[in-house]
Every structure is written in structure tokens, then in C-alpha cells.
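These are the residues of each chain, in order.
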Amino acid sequence: MPAATPFPRGPSVLTLYHAEDLLTAAGCPACRYVAEASDRYLAWFALEGHGDAVTITRLCASLGMCPQHTRGLMRQPGAAIRLTAVYRYLLQSARAQLTGRAASLAPCPACARETAARDRALDTLVTGLGGDEIRGLYRELGGLCVPHVRAAAGLRARRQVIGWLTESMIFRLAGEPPSLAVLAGWPDADAGPRARLRASVPARGAADPDICPVCLAAARAERDGLARLAAGPVDGRVGRMTALLAGQAQWSAACLARMLSALTSRAAVQPARRLPRSALRAWGPGDCPVCCARDEAAQQETGRCRRELMSAAAERALHHRPGLCIRHVLTVRSADAVAGRKAAGVAAGRAARLIDELGEASRKATWAGRHEARGPEMTAWRRAVHGGGPAGAR
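Along its length, the protein chain carries 18 helices and zero strands. A buried classification covers 42% of the 394 residues belonging to the protein chain. Residue pairs in contact within the protein chain that sit at least 24 positions apart in sequence constitute 75% of those at least 6 positions apart.

A few words on the side chain of Asp190. Within the secondary structure, Asp190 sits in the loop between α9 (180-184) and α10 (191-199). In this structure Asp190 comes out as buried when scored by relative accessible area, which is 2%. Looking at Asp190, its side chain comes within polar contact range of the side chain of Arg71, at 2.6 Å.

Another point: the packing of helix α1 (residues 29-47) against helix α5 (residues 109-128). Where α1 contacts α5, the two axes come as close as 9 Å, and the packing angle between them is 145°. Between α1 and α5 the crossing geometry is right-handed. Contacts between α1 and α5 pair Pro29, Ala30, Tyr33, Val34, Ala37, Ser38 and Tyr41 from the former with Pro109, Ala110, Arg113, Glu114, Ala117, Arg118, Arg120, Ala121, Leu122 and Leu125 from the latter.

Next up on the list: the nonpolar core. If you look at the biggest cluster of nonpolar residues, it comprises 47 residues, and the most contacted ones within it are Met65, Leu91, Leu98 and Leu324. With nine residues, the single largest contributor to this core is helix α17 (residues 337-364). Not counting residues up to four positions away in its chain, the partners in contact with Leu324 are Cys212, Pro213, Val214, Cys305, Val329, Val332, Ala343 and Arg350. Residues Leu122, Val149, Leu165 and Met169 belong to the second largest nonpolar core, which totals 42 residues.

Turning our attention to the pattern of salt bridges. Counted according to the given criterion, the structure contains 15 salt bridges. Taking the shortest distance from any N to any O, the salt bridge between Asp190 and Arg71 comes out at 2.6 Å. Here Asp190 is found in the loop between α9 and α10, whereas its partner Arg71 is found in helix α3 (residues 67-74), with 119 residues between them in sequence. For the pair Asp190 and Arg71, one class covers both residues: buried. For Arg363, the salt bridge goes to Glu372, with nearest N and O atoms at 2.6 Å. A residue is classified by how much of its surface remains accessible, and Arg363, at 37% relative accessible area, is partly exposed. Linked by salt bridges that have partners in common, Arg71, Arg75, Asp188, Asp190 and Arg194 make up one network.

Next up on the list: the packing of helix α4 (residues 79-99) against α17. Their axes nearest at 9 Å, the elements α4 and α17 cross at an angle of 160°. Of the possible angle classes, the one that applies to α4 and α17 is roughly antiparallel. As for how α4 packs across α17, the hand of that crossing is left-handed. Contacts between α4 and α17 involve Thr84, Ala85, Tyr87, Arg88, Leu91, Gln92, Arg95, Leu98 and Thr99 on the former and, on the latter, Ala344, Ala347, Ala348, Ala351, Ala352, Leu354, Ile355, Leu358, Gly359, Ala361 and Ser362. The residue makeup of the contact of α4 with α17, split by class, is 13 nonpolar, five polar and two charged.

Another aspect to go through is the environment of Gly64. The topology assignment puts Gly64 in the loop between α2 (53-62) and α3. On the basis of relative accessible area, Gly64 is assigned to the buried category, the value being 3%.

α3 sits mainly inside the fold: six of its eight residues count as buried. Burial in α3 covers these residues: His69, Thr70, Arg71, Gly72, Leu73 and Met74.

Right, let's talk about the confidence of the model for the protein chain for a bit. In this model, the protein chain carries an average pLDDT of 82, and 83% of its residues clear a pLDDT of 70 or more. Taken element by element, the predicted model of the protein chain shows its lowest mean pLDDT in helix α13 (residues 277-280) (50) and its highest in α2 (94). Throughout residues 389-394 the model reports pLDDT below 50, and contacts reaching past four residues in sequence, or to other chains, amount to 28 contacts.

Inspection of the entire model under this criterion finds two aromatic pairs. Judged by centre distance (5.8 Å) and plane angle (35°), the ring pair of Tyr41 and Trp44 falls under tilted. Remark: Trp44 and Tyr41 occur in helix α1; sequence separation between them is three residues, near one turn of the helix. A relative accessible area of 7% means that Tyr41 is categorised as buried. A relative accessible area of 30% means that Trp44 is categorised as partly exposed. When the centroid spacing of 5.5 Å and the interplanar angle of 55° are considered together, the rings of Tyr138 and Trp164 count as tilted. Taken together, the positions of Tyr138 in helix α6 (residues 132-141) and Trp164 in helix α8 (residues 159-175) put the pair 26 residues apart, joining distant regions of the chain. The class of Tyr138 is buried, set by a relative accessible area of 4%. A relative accessible area of 10% means that Trp164 is categorised as buried. We note Arg370 situated over the ring of Trp367; from NZ or CZ to the ring centre the distance is 3.7 Å.

Parameters at a glance
Residues numbered from 1 in each chain as written. Predicted model: local features only at pLDDT ≥ 70, side-chain atom pairs only at ≥ 80, totals over all residues. Heavy atoms only, no water. Helix = DSSP H or I, 4+ residues; strand = E, 2+ residues; numbered from the N terminus. Buried < 20%, exposed > 50% of the residue type's maximum accessible area, 1.4 Å probe, protein only. Contact = heavy atoms within 4.5 Å. Polar contact = N/O pair within 3.5 Å; in protein donor to acceptor, adjacent residues only side chain to side chain. Axes fitted to C-alpha atoms, helices over the stretch in contact; angles between N-to-C directions. Left-handed = near helix turned anticlockwise from the far one by under 90°. Core = buried A, V, L, I, M, F, W, Y, C linked by side-chain atoms within 4.5 Å. Salt bridge = Lys/Arg side-chain N within 4 Å of Asp/Glu carboxyl O. Parallel < 35°, antiparallel > 145°, perpendicular 65-115°, else oblique. Nonpolar A, V, L, I, M, F, W, Y, C, P; charged D, E, K, R; others polar. pLDDT = per-residue confidence, 0-100. Phe/Tyr/Trp six-rings, centres within 6.5 Å; stacked < 30°, edge-to-face > 60°. Lys NZ or Arg CZ within 6 Å of the ring centre and 35° of its normal.

Okay, here's the thing in C-alpha cells:
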């Protein structure tokens, strides 16, 4: 039966030839161009790409898209029918990975499309920022955000223009209160869905057989870390966030200053060479404490699962307990061949059962099966998304 499809929004930039094509509104022009390119790609996937053999082959090589873009696909109208068909192929590829020789996963195709769009926008902007008039328009509209200034420094482009962009950002950070859009880029269309999913994470001690224990431990640690930052009266929360933004702005300005020094010292000698990675390393004031807590919780839970897999009693109970998602099964297998082989065997069996459920759901979604009673197989695509690939993190 035909599925509803999303209607893509009209892009602000249809053709990209000059810097003026990007400087059409306030805010970071690269962020805006990348967001529109990502939106068009996901809309194309819903309209046509989900039935394209080349696209499905690329998705099988990466076992699906990253969590952010998978959530974007799940929010689209008609996602149930499309992803039921798509995840049959992905789980077949995942099962082959689990039962055969391990192979490195390809990057998310949507992320690769965003990276290409970012590089194209930055290259066009840097090439066109040669005259005073266009530079004045750039300043008037706000210019690039800090992440995209840093990304521009990694391109093989004119160092004099990149140095001017870096210098402009340093002055901007010193002359006005820092904003999240300038420091981190915008827009983050996935922030709302992440907040809702974070609020639905089960409390400690609650059992949920459909959630990978490593993903669940990481999600709880992230939720608790953010809750500590948001605790207390409103004035205190605002003060902490203001202090965090101010600290990030100071560190960003210091890193940009070091990057500018590297740019100016090499520009006269090698004007067409990329900036060395050492000049782009160590960005920001250390690691984010919430991200560190999340990664540490995931690492500890992975270690606990590895120890349980080596226990005969725990091995017999594996089929009746929450299982690792495929992403974490592959992680365990890369660290411990014996434990990974046991986890892969259980995951391959679950993948086979999900493949059968997805096939039954696809059959009932056809015109011939429209009168048959619906069962739990109609939600198998959601279970496949949560445990079937890199998007397993809930």
C-alpha cells in the first residue's frame, strides 16, 4: 500500500556559485546550507532513496544511519512501511557481519552528505570573500560560527581569507556576549527529540527487555549529568549556563588565536597547503563532563557484559535478558574474541527472528494482506532500529 511521504521544504539556495548566494540571511551561512542539504537528503530518501539499490547497498555497509539521522527518518510520515522494508536488508547485512568475519563499518551516508555540503559551502564562501563589499555584508549578517571557522581552516583554500575569518571571529567573541549559535552552530533540529527520549529513559532498577544494557547505562549517565547542571533555582541555572558559555568563548578565542598564528606563519611559504592537524587539535576546555560520564558508564557496562558472557550460568540466561545492540556486540567482539563470539551468536538469532517479523509485517502491509489481523510484528521495525545497527542508542 502506498505510504505518506514528507514534503521537502523549499531551499534558500538552489544554485551555489558565489559567496553572495550564501549570504542571504543572518546567522552562519554554512549551518543554514548544511541543514537544508540534510533536510533535502532525508526527504529524497523518503520519496525515492529507500527503493534505490545503490542507496540500500551503502546503508548495508554502514548498518544504517547514525542515531540523529535515524531519528529524522523515524519522524517522517509513512516511516513504518518504509523502514520495515529497509531494515530487512540492514538486518540481513548485520547478521552476515555477526556470523562471518568482522569488517569495518562505512560512515553514515547522511553524515557524509552533510560533510560534502559543508565543504562546498565553505569553499565557495572563502573563494568569494575577496572584496571589501562582500566582507562588509559578511560582518553585517554575523558570519560563520566557531565550528565552521575551524572547519574552514582545514580546507585547501586561501590562507589570507581564512586568517581574516579567524581574526573576525576572535574580535566577535571578545566584543559581544557569547551565544550558543555562535559557539556551537545552529540549528539543532534533533534537540527536541533527544530531550523527549531522555525523559523516557527508565529509572534505575526498572527492567526494559528491548533496550541494550550498554545504551541504557550511557543514556542514564547522560540524563543524570544534565539533570545536575539544571538543578537548583532558575537564577542559578541561568548563571551556570552563562558561565559555561563565557568559559567556552574564552577557550574558543584562545584556540582561534593559536590557529591564526599557525596560519600566518605558514601562509607566505605554503599558501595552498592545509593547516596541520596539530593546529586543529585540543579544541575547547577539556572534555565535556557529561560526555565523559556517559562514555565511562558505557565502558563499565560493556566490561560487566563481557564478564557475564564468560560465565556459563549467565550464558544460559542470555536469551531471556536484554541483549546488546549490534553496535555494542561488534565492540565487544573487537575487544574479546571469545565473549564477542557468544554475544554475536545470540544477536544473530535475534536478528533472524526480527527478519521474519519484518517480512510478515511487509506482507500484511500489501493490498492482499490488508484484512489480516495485526500483531506485534507491525512494530518490529522499531525494535530493529533500536537494536539493529549504529542507531541502537536510545
